[in-house]
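Architecture and fold: a report
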Amino acid sequence: MHLGALFISHHVLTSGSVRETARRFQLSPSTVSTAIRHLETELAMKLTERASGELVTLLASGRVLEGLEPITAAIGELGQFADHDAAAADAYEAWASRIPLKIVTMERFLEVADQGSINRAARRLRLGQPQLSLQLANLEKFLGGRLFERQAQGSVLTEEGRRAYQIFTAISQAWNDLKSSADERYRRTARSLRIGSIIPTGSESWVARCLGSLVSEWNARRSNNAISLVSMTADDLREALKSGRIDVAILDSVFGLESFRHRELLQTDMVVIAPPDSTETNVADLVAGHAICMPSPRTGLGHAAMAFSYERAPNRRFRSQDITAADSLPVIVDLVANHGYVSFLGRVSAMPIADKVRIVDLDEHLPMSYHVAFNHRKAAADACAMIIAAAARLTSEPVALTDRVRESAA
C-alpha cells in the first residue's frame, strides 16, 4: 500500500463519498475508488458498498477508520518533515493524497536502521544490496534530506534519519495492527466451509433440519473445516458462489451455474398454501378471493409461481399491486396463517407447516427440483453428500395431507 492511498481511504471512510474526496484532493473518482479497493483487498474485508447510487460505509469501516488515525497523524508529521506543513490545507491534502511511498519501503528503512548496515539488512530481507541502496536513495530524495551517514562500520542514522525512524515506526506499527486482524480473517476463511441456502420457512423446515443435521454430523466427525451458514435468495446464492463468498449453495434453480458441480437434492411439486379457515377449493377462486404474497422473482420458486399465476388466472385483475413479493418465508407463512393471504410453495416446504395453513393442490402437477451446487473443494463435496443424505431421510417422513388427499381418504 502507498501512504497516499491510505490517506485517500481515510477521507472516503470519514466523508462517505468517493466524489467529494476526488474533488477535494483533485483526483479522478476512479483513482479514489482504486485506493479503497486496494485497502479492502489488503485487509480482507468489505468496507463500502453501493446502495441506490450512493456509497455506504459498512460497520467494519468504523474499526478501520480508527486504525488509520495513527497513520494519518504520522503523515501529518511527515508533511512537516518534508516542509509541506506550511502550505495551505488544500495544497497539503493534494500532496498527502499523492505520496508514492510504500509501507514496505519504510519497513526496509527501519530494518537498515535496526541492523546498522545495508549489507546485513539486505541479507535478512533477501534483497540485493544495490536494490536496497537505490530504495534508500529514493527515500532520501523524497524527504529532501540525508537519513544515514555511511561509515566504515556501517550506516548510522542522521538527525533527520532518527526523526524519520519515529514516524515510520508509528506507521508500521499501526499498519501491522490493522493487518494482523486481516491475517486472522484469511486464516479463518481458509479453514471455514461457507454454506449458503435458500431461506427456510422456519426451524421445522426441511432446509433448516438438513443444515442442522449437517452441522451436528460434521462437528461429530471433528472436521478441520469449521462450517459457517448464511441464507439468501437464489439470485444472491448464485452470485455468492461465483464470487467465491460461499462454497456450497442449496437453491431452487441452477440457472447460470453450469460451470459449477451440482446435484439434484430432491424433487417436489408446487402447491398453494391458504388460510386455515378458507373454503375455496381451487386455485382460481383462491387467488380471486385473497391477497397474494409469494417469494420474489429473485428466487426460483418465486419466478415459477409468478409465471404460473399469470398463466392460470387470465381473468383476474392481476396487477403488480395485487401481489406482495417477500424474500422472507416466515413472513409469508404468517401472512397466510394469520392475515388471509395465499401463497405458493414447494410441497416439501409446505409439509412442516400443515398445522398452520391449508395445503391445496394445483389443477395441474407442476414439478419442482431443489439442487445443491458446490465448488472444487473436497470439503464442499463432502458436505454436499451429507446434505443429500439428510434431505433423503427428512423427505421420507410422512407427507402432510392436502385437501385432495383428505377427500380421497374420506
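A brief structural summary.

Relative to strand 13 (residues 367-374), strand 8 (residues 261-274) runs antiparallel, the two being bridged by eight bridges. The residue bridging Glu-264 from the neighbouring strand is His-371, located in strand 13. Two elements, strand 8 and strand 11 (residues 343-346), share four bridges in a ladder whose sense is antiparallel. Of the residues in strand 11, the one forming a bridge with Val-271 is Leu-345. Strand direction decides the pairing type here: strand 8 and strand 12 (residues 358-361), joined by four bridges, are antiparallel. From the neighbouring strand, Val-272 faces strand 12, where its bridge partner is Val-360.

It is the contact of helix 7 (residues 118-125) with helix 8 (residues 129-143), at a shortest axis distance of 9 Å, that shows an interaxial angle of 110°. Relative to helix 8, helix 7 is oriented roughly perpendicular. As helix 7 packs across helix 8, the resulting crossing turns out to be right-handed. Residue-level contacts link Ile-118, Asn-119, Ala-121, Ala-122 and Leu-125 of helix 7 to Gln-129, Leu-132, Ser-133 and Leu-136 of helix 8.

Our focus in this paragraph is helix 4 (residues 60-81). At 3.6 residues per turn, the α-helix brings residues three or four places apart onto the same side. Compared with an ideal rise of 1.5 Å per residue, which puts 22 residues at 32 Å, helix 4 spans 32 Å between its outermost C-alpha atoms and is within 8% of the ideal. A bend of about 30° at Leu-68 is the largest found in helix 4, and the proline Pro-70 appears one to four places after it. Remark: Asp-83 follows helix 4 within two positions and exhibits a positive phi of approximately 65°.

Let's shift gears to the nonpolar core. In terms of nonpolar packing, the biggest core is built from 67 residues, with Trp-206, Leu-214, Val-248, Leu-265, Val-272, Phe-344 and Tyr-370 touching the most fellow members. Per element, the largest residue contribution to this core is 10 residues, and it comes from helix 16 (residues 378-395). With sequence-adjacent residues up to four places away left out, Val-272 is seen in contact with Val-283, Leu-286, Val-342, Ser-343, Phe-344, Arg-358, Ile-359, Val-360 and Leu-362.

Turning next to the packing of helix 1 (residues 3-15) against helix 2 (residues 18-25). Relative orientation of the contacting elements helix 1 and helix 2 amounts to 130°, with a least axis distance of 9 Å. In terms of their interaxial angle, helix 1 and helix 2 are classed as oblique. For the pair helix 1 and helix 2, the sense of crossing is right-handed. Only Val-18, Glu-20, Thr-21, Arg-24 and Phe-25 of helix 2 make contact with helix 1, whose side of the interface consists of Phe-7, Ile-8, His-11, Val-12 and Ser-15. Tallied by class, the residues present in the contact of helix 1 with helix 2 amount to five nonpolar, three polar and two charged.

The next point concerns the packing of aromatic side chains. On inspection of all chains with the given rule, the structure shows seven aromatic pairs. Centroid distance Tyr-92 to Trp-95: 6.0 Å. Interplanar angle 35°. Geometry classified as tilted. Within this pair, Tyr-92 and its partner Trp-95 are both found in helix 5 (residues 89-96), separated by three residues, close to a single helical turn. Accessibility classification places Tyr-92 together with Trp-95 in one group, the buried group. Between Trp-95 and Phe-142, the aromatic rings sit 6.3 Å apart at their centres with planes inclined by 10°, giving stacked as the arrangement. With a gap of 47 residues between them, Trp-95 in helix 5 and Phe-142 in helix 8 connect regions that are remote in the sequence.

Let us look at empty space enclosed by the protein. Using the criterion set out here, one finds one cavity of 30 Å³ or more in the structure. Roughly 150 Å³ of volume is contained in the largest cavity. Ile-198, Ile-199, Asp-252, Thr-299 and Leu-329 are the residues nearest the centre of the largest cavity, which is lined by 17 residues in total. Each residue belonging to the lining of the largest cavity can be placed in one class, and the counts come to 10 nonpolar, five polar and two charged.

For Ser-343, the location among the structural elements is in strand 11. Discounting residues that sit within four places of it in the chain, Ser-343 has contacts with Val-271, Val-272, Ile-273, Cys-293, Met-294, Pro-295, Ile-332 and Val-336.

Our focus in this paragraph is the environment of Val-112. Tracing the sequence through the fold places Val-112 in helix 6 (residues 103-115). Among the residues examined, Val-112 registers a relative accessible area of 0% and is labelled buried. For the pair Val-112 and Leu-125, spaced 13 residues apart in sequence, the C-alpha to C-alpha distance is 9.7 Å. Sequence-distant contacts of Val-112, that is, excluding residues within four places in its chain, are made with Ser-117, Ile-118, Ala-121, Leu-132, Leu-136 and Phe-148.

Scoring rules and cut-offs
- Residues numbered from 1 in each chain as written.
- Predicted model: local features only at pLDDT ≥ 70, side-chain atom pairs only at ≥ 80, totals over all residues.
- Heavy atoms only, no water.
- Pairing = 2+ DSSP bridges.
- Helix = DSSP H or I, 4+ residues; strand = E, 2+ residues; numbered from the N terminus.
- Axes fitted to C-alpha atoms, helices over the stretch in contact; angles between N-to-C directions.
- Parallel < 35°, antiparallel > 145°, perpendicular 65-115°, else oblique.
- Left-handed = near helix turned anticlockwise from the far one by under 90°.
- Contact = heavy atoms within 4.5 Å.
- Expected span 1.5 Å × (residues − 1).
- Bend = angle between axes of the 7 residues up to and from the residue.
- Core = buried A, V, L, I, M, F, W, Y, C linked by side-chain atoms within 4.5 Å.
- Buried < 20%, exposed > 50% of the residue type's maximum accessible area, 1.4 Å probe, protein only.
- Nonpolar A, V, L, I, M, F, W, Y, C, P; charged D, E, K, R; others polar.
- Phe/Tyr/Trp six-rings, centres within 6.5 Å; stacked < 30°, edge-to-face > 60°.
- 1 Å grid on protein atoms, 1.4 Å probe; cavity = no way out; pocket = protein on both sides within 12 Å on 5 of 7 lines; lining within 4 Å.
- Points joined across faces, edges and corners; volume = space filled by probe spheres on them.

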